[in-house]
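Chains, contacts and geometry: an overview
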Amino acid sequence: MTESAVKSETKGKGSREAIVAAALARYRAAGMAAVSFRRVAQDIGISHMQPYRFFRNKAALLAAMRAHCFNEVLAIIRGADPRDAPPLQRLYAITAGTFTYLFQRPADYRLMFALNQPPPTDDTELAASRTAVYRHLRSVVVAGVESGSLNGDPDDILHLAWAMSHGLFTLHVSGQLMHGRSLDALVQPALDTMFAPFRDSPDLQPLREAAAQAPPISALEEDDPDDSSKP
């Protein structure tokens, strides 16, 4: 294949990347039911058979969409990470920045962590994108353990922090925060609590200052096409 043909395969309107981008745009605008090979092909002006060159079925397309979302989150994590700061401040800043980003994209979050999806390890691209996110976060946790600011196994620490974050976001995107607390109100207590069992110092102020760089989440709320609680 010539170099120009390769570029056409990867960058043209019928490329794999263009199909994934169009599918995500359709999903974000109208929800999962609106995504089909035929409709995505119509959106970008290609044959309805073109997506089959890259995806054997809709499940494969959804896996690519999820991988794309995880790659976007990785870019946010890297951008929010003050690499020269102490590890705990880095974790606070990363978590606050990622929460803020995902708050604006509840549909993406539901897609990324859908309960009915196949195991992520079944898809090489999706597994790689998720692993890249995990490795970046783990490197910061490892730095915290090595510096003495965190105590414990890095994978234990990261999985427990992930579980708390995921639980909080799942309650938010499913409309289950109904007892006087919003996601906006719970982000700071969650940050304070998330790494508390692994810290010696009770002084949270420098960490709160790192997280305070993100704008208030409540100011960023947008309509979500898959939010069935709205008419």
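Since the model is a prediction, treat every value here as computed from it, not as a measurement.

1. Quick look at the packing of helix α4 (residues 58–80) against helix α5 (residues 87–103)
At their nearest, the axes of α4 and α5 sit 8 Å apart, and the two run at 140° to each other. Judged by the angle between their axes, α4 and α5 are oblique. When you trace α4 past α5, the crossing you get is right-handed. From α4, E72, V73, I76, I77 and A80 reach across to α5, where they touch A93, I94, G97, T98, Y101 and L102. For the contact of α4 with α5, the class distribution of residues is eight nonpolar, two polar and one charged.

2. Topic: α5
Between the first and last C-alpha of α5 there are 24 Å, a value that for 17 residues agrees with the 24 Å anticipated at 1.5 Å per step. Counted residue by residue, α5 has 16 buried out of 17 residues, so it is predominantly covered.

3. Comments concerning the side chain of R66
Locating R66 in the fold gives a position in helix α4. Within the buried core, R66 has no salt-bridge partner, and the shortest N-O distance to an opposite charge, that of D123, equals 8.7 Å. Of note is the side chain of R66, whose polar atom sits 2.5 Å from the backbone oxygen of L111. Contact partners of R66, with chain neighbours within four places excluded, come to L111, M112, A114, Q117 and L126.

4. Structural notes on the pattern of salt bridges
One pass over the full model with this rule turns up six salt bridges. Here E125 ties to R16 by a salt bridge, and the two come within 2.7 Å at their closest N and O atoms. In this pair, E125 is assigned in helix α7 (residues 124–147) and R16 in helix α2 (residues 16–30), connecting sequence segments 109 residues apart. Here E72 ties to R28 by a salt bridge, and the two come within 3.0 Å at their closest N and O atoms. Residue E72 is located in helix α4, and its partner R28 is located in helix α2; the two are separated by 44 residues in the primary sequence. Linked through salt bridges whose partners overlap, the residues forming this network are R28, E72 and D108.

5. As for the nonpolar core
By size, the foremost hydrophobic cluster in this structure holds 62 residues, and its most contacted members are F55, L61, M65, L150, F169 and F195. Here the element with the most residues in this core is α4; it accounts for twelve residues. Once residues lying within four places of it in the same chain are set aside, the contact partners of F169 are F99, L102, F103, Y109 and L183.

6. Considerations on the confidence of the model for the protein
Of all residues in the protein, 84% attain a pLDDT of 70 or more, and the chain-wide mean is 86. Throughout residues 1–10 the model reports pLDDT below 50, and contacts reaching past four residues in sequence, or to other chains, amount to eleven contacts.

7. Overview of the packing of helix α8 (residues 154–173) against helix α9 (residues 183–194)
Relative orientation of the contacting elements α8 and α9 amounts to 170°, with a least axis distance of 11 Å. Put simply, α8 runs roughly antiparallel to α9. Across the interface between the two elements, A161, M164, S165, L168, F169 and H172 from α8 touch L183, L186, A190, T193 and M194 from α9. Of the residues in the contact of α8 with α9, the class split is eight nonpolar, three polar and no charged.

8. Things to note about the packing of aromatic side chains
Applying the stated criterion across every chain yields a total of six aromatic pairs. Centre to centre, the rings of F70 and F113 are 5.6 Å apart; their planes meet at 75°, and the pair counts as edge-to-face. Of this pair, F70 sits in helix α4 while F113 is found in the loop between α6 (106–112) and α7, placing the two residues 43 residues apart along the sequence. Both residues of the pair, F70 and F113, belong to the buried class.

9. Considerations on the environment of A34
Structurally, A34 is set in the loop between α2 and α3 (37–44). Through-space distance from the C-alpha of A34 to that of A23 is 9.1 Å; in sequence the pair is eleven residues apart. Ignoring anything within four residues of it in the chain, the contact list for A34 reads R26 and R39.

Conventions used here
- Residues numbered from 1 in each chain as written.
- Predicted model: local features only at pLDDT ≥ 70, side-chain atom pairs only at ≥ 80, totals over all residues.
- Heavy atoms only, no water.
- Axes fitted to C-alpha atoms, helices over the stretch in contact; angles between N-to-C directions.
- Helix = DSSP H or I, 4+ residues; strand = E, 2+ residues; numbered from the N terminus.
- Parallel < 35°, antiparallel > 145°, perpendicular 65-115°, else oblique.
- Left-handed = near helix turned anticlockwise from the far one by under 90°.
- Contact = heavy atoms within 4.5 Å.
- Nonpolar A, V, L, I, M, F, W, Y, C, P; charged D, E, K, R; others polar.
- Expected span 1.5 Å × (residues − 1).
- Buried < 20%, exposed > 50% of the residue type's maximum accessible area, 1.4 Å probe, protein only.
- Lys, Arg positive; Asp, Glu negative; His and termini not counted.
- Salt bridge = Lys/Arg side-chain N within 4 Å of Asp/Glu carboxyl O.
- Polar contact = N/O pair within 3.5 Å; in protein donor to acceptor, adjacent residues only side chain to side chain.
- Core = buried A, V, L, I, M, F, W, Y, C linked by side-chain atoms within 4.5 Å.
- pLDDT = per-residue confidence, 0-100.
- Phe/Tyr/Trp six-rings, centres within 6.5 Å; stacked < 30°, edge-to-face > 60°.

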